[in-house]
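Analysis of the macromolecular model
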Amino acid sequence: MTNNVKTPETDLMVETKGKLELFFDKNGNKLLWGLIIVGLALSAFFIFKNFSDSRKERKEQNASVAVANELSTTNSVEGYDKLQEEYEGTASANTAFYLAAVAALEAGDIEKAEAELAKYEMAEGAAGEMLNAKVLGLRGDVAVEKNDLQTAATEFAKASEASDDEHTYVTYSKKLALVYEAMGDNAKAQECYKAIVAKYPSQERAMAKFIR
């Protein structure tokens with residue numbers, strides 16, 4: 001025989017269940033529409049996100065083409081500055097800071113070159129690391145032009161280690177060695193040349209004329 005005695009806990013469960021059923025009876029349509037609205041909102045969000053990503057990708061592609069065109073034609077500081085403004089926030093606009101600095105330094109405008117380099121943000125990935133190395137190396141070149149050899153040495157040392165690329169390491173290690181020689185520190189210069197050979201034995205023949 002089933003025990004039909006109700007406990008306070010049973011009464012509470014029945015009462016709670018009743019309240020829930022009553023709530024859904026009164027608000028079922030509202031809840032349904034609420035779920036539909038939330039679903040539509042989420043769908044709209046993902047559609048907008050995909051659209052935004054697509055627009056961002058197109059902007060990046062257009063920026064890349066524009067920078068390449070400027071590099072192969074005018075290659076001017078003014079041209080790169082215009083691209084930076086038009087394609088702000090893209091990786092190509094960031095590259096344009098470096099290219100503008102190169103153009104400025106070639107024109108003898110050291111102050112402008114420094115200003116452009118100051119706006120560059122370190123990039124990511126293998127290609128980004130190589131560009132970062134070039135930026136650091138260019139900062140070293142600017143420092144040499146200003147006869148600030150200590151800063152030049154610091155920047156060339158950073159540039160040589162910024163990428164795993166052999167050419168990058170050799171190029172900036174040699175520049176670092178030349179700066180040390182200009183500073184009269186031949187011992188450190190020799191360390192640079194020997195470090196190149198130690199890291200890349202294939203460079204031994206090329207470095208032989210520098211190593212004493």
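Below is a short write-up of the structure. Please read all numbers here as calculations on a predicted model, not as lab measurements. (Residues numbered from 1 in each chain as written. Predicted model: local features only at pLDDT ≥ 70, side-chain atom pairs only at ≥ 80, totals over all residues. Heavy atoms only, no water.)

Observations concerning the pattern of salt bridges
In the structure shown here, the tally under the stated rule is five salt bridges. Lysine 112 serves as the salt-bridge partner of aspartate 81, at 3.1 Å between the closest nitrogen and oxygen. A residue pair is termed long-range when its members are at least 10 positions apart, and aspartate 81 in helix H2 (residues 77–86) and lysine 112 in helix H4 (residues 110–119) qualify at 31 residues. Accessibility expressed as a relative area gives 23% for aspartate 81, which makes it partly exposed. Between glutamate 114 and lysine 146 there is a salt bridge, with the nearest N and O atoms lying 3.0 Å from each other. Here glutamate 114, found in helix H4, pairs with lysine 146, found in the loop between helix H5 (125–145) and helix H6 (149–161); they are 32 residues apart in sequence, far enough to count as distant. When its relative accessible area of 44% is taken as the criterion, lysine 146 is described as partly exposed. Each of Asp81, Lys112, Glu116 and Lys119 takes part in a single network of salt bridges with overlapping partners. (Salt bridge = Lys/Arg side-chain N within 4 Å of Asp/Glu carboxyl O. Helix = DSSP H or I, 4+ residues; strand = E, 2+ residues; numbered from the N terminus. Buried < 20%, exposed > 50% of the residue type's maximum accessible area, 1.4 Å probe, protein only.)

Details of the nonpolar core
Within the largest apolar cluster, 24 residues are counted, with the highest numbers of intra-cluster contacts made by Tyr80, Leu83, Tyr87, Tyr98, Leu117 and Leu138. Looking at this core, the elements that each hand over two or more residues are helix H1 (8–72), H2, helix H3 (91–106), H4 and H5. Broken down by element, this core gets its largest block of residues, ten residues, from H3. Apart from residues lying up to four places away in sequence, tyrosine 80 is in contact with Val67, Glu70, Leu71, Asn75, Ala96, Leu99 and Ala100. The next biggest cluster of nonpolar side chains, apart from the first, holds 22 residues, and it includes Leu136, Ala143, Val179 and Cys192. (Core = buried A, V, L, I, M, F, W, Y, C linked by side-chain atoms within 4.5 Å. Contact = heavy atoms within 4.5 Å.)

Concerning the side chain of serine 160
With respect to the secondary-structure elements, serine 160 resides in helix H6. In this structure serine 160 comes out as buried when scored by relative accessible area, which is 4%.

Examining the environment of leucine 149
For leucine 149, the position within the fold is in helix H6. Overall, leucine 149 belongs to the buried group, its relative accessible area being 19%. For the pair formed by leucine 149 and leucine 176, sequence separation is 27 residues and the distance between their alpha carbons is 9.6 Å. Sequence-distant contacts of leucine 149, defined by excluding residues within four places in its chain, comprise Val179, Ala182 and Met183.

Concerning unusual backbone geometry
Only a minority of non-glycine residues have a phi that is not negative, and only a minority of peptide bonds are not trans. A positive phi angle, close to 50 degrees, is found at asparagine 75, a residue other than glycine. With respect to the helices, strands and loops of the structure, asparagine 75 is situated in the loop between H1 and H2. Even without a glycine there, the phi angle at asparagine 147 is positive, about 60 degrees. The topology assignment puts asparagine 147 in the loop between H5 and H6.

A closer look at the packing of aromatic side chains
Scanning all chains against the criterion turns up three aromatic pairs. A ring pair is formed by tyrosine 193 and phenylalanine 210, whose centres lie 4.9 Å apart and whose planes are at 15 degrees; its orientation type is stacked. Of the two residues, tyrosine 193 sits in helix H8 (residues 186–199) while phenylalanine 210 sits in the segment after helix H9 (204–207), which places them 17 residues apart along the sequence. You can call tyrosine 193 buried: its relative accessible area is 1%. Take phenylalanine 210: its relative accessible area is 22%, and that puts it in the partly exposed class. Directly above the ring of tyrosine 169 sits lysine 199, whose terminal nitrogen or CZ lies 5.2 Å from the centroid. (Phe/Tyr/Trp six-rings, centres within 6.5 Å; stacked < 30°, edge-to-face > 60°. Lys NZ or Arg CZ within 6 Å of the ring centre and 35° of its normal.)

Focus on the environment of alanine 68
Relative to the assigned elements, alanine 68 resides in helix H1. Classification of alanine 68 as partly exposed rests on a relative accessible area of 42%. For the pair alanine 68 and serine 92, spaced 24 residues apart in sequence, the C-alpha separation works out to 9.3 Å.

Describing H8
Across its 14 residues, H8 extends 20 Å between first and last C-alpha, which sits within 8% of the 20 Å expected from 1.5 Å per residue. All of the buried residues in H8 are Ala189, Gln190, Cys192, Tyr193, Ile196 and Val197. Down the axis of H8, the sector holding all buried residues measures 155 degrees, keeping them to one side. The exposed set on the far side of H8, more than 90 degrees from its buried face, consists of Ala187, Glu191 and Ala198. Contact partners of the buried residues in H8: helix H7 (166–182) and H9. (Expected span 1.5 Å × (residues − 1). Arc of directions from axis to C-beta.)

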